[in-house]
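Notes for the structure review
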Amino acid sequence: MICNVLSIAGSDPSGGAGVQADLKTCSARATYGMAVLTALTAQNTQGVSSVHAVPADFVAEQIGMIFADIRVDAVKIGMIANAPIAEAVANALLPHCGIPIVLDPVMIAKGGAALLDVEAIDFLKTRLLPLATLLTPNLPEAAALLGEPVAGTRDAMERQAEKLRGLGPSAVLVKGGHLGGMQSPDVLVSESGITWFEAPRVPTKNTHGTGCTLSSALAAELAKGGSLEAAVATAKDYLAAAVAKAGTLSVGSGHGPVQH
Ligand code: PLP
């Protein structure tokens, strides 16, 4: 049977990030993708010009309608835009916390645009982190959630992953793509301990939506019932292949999307 994956995230009309990336990833990973929109953005591969958040009660209504009718095998949460939406998403998911939930704490787009209000960080920490099966911050997001400097070493990444796990998620994958060097190391901290995942860094500017793609691939694999470690390995392989194929696209002149 085909698994159903629900993305709760923002829209990227250029198709590279947000729910558009999530739905493409779900299809490519042989799952059925669904999308609850939290925000509309006006953006292209060069940047975000503005954000229009969906009213929080309408976000809750969208989630309610899905669960009232459709079996959900995994949830991915991406851009939540503001504190009322964070609260609404938490309240709507609370009765369903047996389902794997991948939380990508989207804060700032690559071009620098804020995708989350600063005051929403507290709601993200206190209301959404405890619901997450897997939290997937990059280094600046991990630092912002902890109120600490950005990790510059693997030891610091491990420490921050453990601290973040102390805030409630069952597992944390800290993504080390911002560390620099030839490798792109990610660390997974879960109840089974610490696992490092290595991938060669791919020199490319086609990185738009890589975080969205990884987190929705993770949700797809967890929906299928895979272990956390297997899901991370598969999702990272999928993302690496999608980045490698990005050159076959001709989409915009900024940070281009990956090819699913
Ligand atoms: N737009 C939306 C709706 C997103 O959800 C995200 C990331 O999660 C972005 C833009 C940012 O994408 P990137 O930083 O990869 O360019």
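As annotated in an unreviewed UniProt entry, the protein carries the name hydroxymethylpyrimidine kinase and comes from Rhizobium gallicum bv. gallicum R602sp. Of the protein, the UniProt comment under Pathway (unreviewed entry) reads exactly: "Cofactor biosynthesis; thiamine diphosphate biosynthesis."

With that settled, the discussion passes to the overall build of the protein. In terms of helices and strands, the protein carries eight helices and nine strands. For the protein, the C-alpha radius of gyration of 17 Å lies close to 18 Å, the compact-globule estimate for 260 residues. Each principal axis of the C-alpha atoms in the protein carries an extent, and together these give about 45 × 40 × 40 Å. Of all 260 residues assigned to the protein, the portion counted as buried reaches 51%. Within the protein, counting contacts between residues at least 6 apart in sequence, those at least 24 apart form 70% of the total.

Turning our attention to the UniProt feature "domain: Pyridoxamine kinase/Phosphomethylpyrimidine kinase" (unreviewed entry) in the protein. Listed under "domain: Pyridoxamine kinase/Phosphomethylpyrimidine kinase" (unreviewed entry) in the UniProt record, and renumbered for this structure, are residues 12-259. For residues 12-259, the helix share is 39%, the strand share is 18%, and the end-to-end C-alpha distance is 15 Å.

Packing of helix α1 (residues 18-28) against helix α7 (residues 210-223) leaves a shortest axis separation of 8 Å and a crossing angle of 40°. Classified by the interaxial angle, the pair formed by α1 and α7 is oblique. The element α1 and its partner α7 pack so that their crossing is right-handed. Across the interface between the two elements, Gly18, Ala21, Asp22, Thr25 and Cys26 from α1 touch Cys212, Thr213, Ser216, Ala217 and Ala220 from α7. Residues of the contact of α1 with α7, tallied by class, amount to five nonpolar, four polar and one charged.

Spacing of three or four residues puts side chains on the same side of an α-helix, whose turn is 3.6 residues. All buried positions along helix α5 (residues 139-146) are accounted for by Leu139, Glu141, Ala142 and Leu145. One side of α5 carries all its buried residues, which in axial view fall inside an arc of 165°. Two residues or fewer past α5, Gly147 is found with a positive phi of approximately 65°.

Every one of the 19 residues lining the ligand counts as a neighbour, but Gly10, Ala17, Gly18, Val106 and Lys110 are closest to it. Looking at side-chain class alone, the shell around the ligand contains seven nonpolar, 10 polar and two charged residues.

With that settled, consider the packing of helix α3 (residues 83-93) against helix α4 (residues 120-128). One way to put it is that α3 packs onto α4 with a least axis distance of 8 Å and a crossing angle of 10°. Taken together, α3 and α4 sit at an angle that is classed as roughly parallel. Residues Ala83, Ala86, Glu87, Val89 and Ala90 of α3 form the contact with α4, whose participating residues are Ala120, Phe123, Leu124, Arg127 and Leu128. When the residues that make up the contact of α3 with α4 are grouped by side-chain class, the tally is eight nonpolar, no polar and two charged.

Moving on to the environment of Asp186. Relative to the helices and strands, Asp186 resides in strand β8 (residues 186-190). We classify Asp186 as buried; it has 23 C-beta atoms within 10 Å. Residues Asp186 and Lys175, spaced 11 residues apart in sequence, show a C-alpha to C-alpha distance of 4.4 Å. Once you skip the residues sitting within four places of it in the chain, Asp186 turns out to touch Leu173, Val174, Lys175, Gly176, Phe197 and Lys236.

Calculation notes
- Residues numbered from 1 in each chain as written.
- Predicted model: local features only at pLDDT ≥ 70, side-chain atom pairs only at ≥ 80, totals over all residues.
- UniProt positions renumbered as here; feature names shortened; annotations may be inferred.
- Helix = DSSP H or I, 4+ residues; strand = E, 2+ residues; numbered from the N terminus.
- Rg over C-alpha atoms; globule rule 2.2 N^0.38 Å.
- Buried ≥ 20, exposed ≤ 12 C-beta atoms within 10 Å, placed from the backbone.
- Contact = placed C-beta atoms within 7 Å.
- Axes fitted to C-alpha atoms, helices over the stretch in contact; angles between N-to-C directions.
- Parallel < 35°, antiparallel > 145°, perpendicular 65-115°, else oblique.
- Left-handed = near helix turned anticlockwise from the far one by under 90°.
- Nonpolar A, V, L, I, M, F, W, Y, C, P; charged D, E, K, R; others polar.
- Arc of directions from axis to C-beta.
- Near = placed C-beta within 6 Å.

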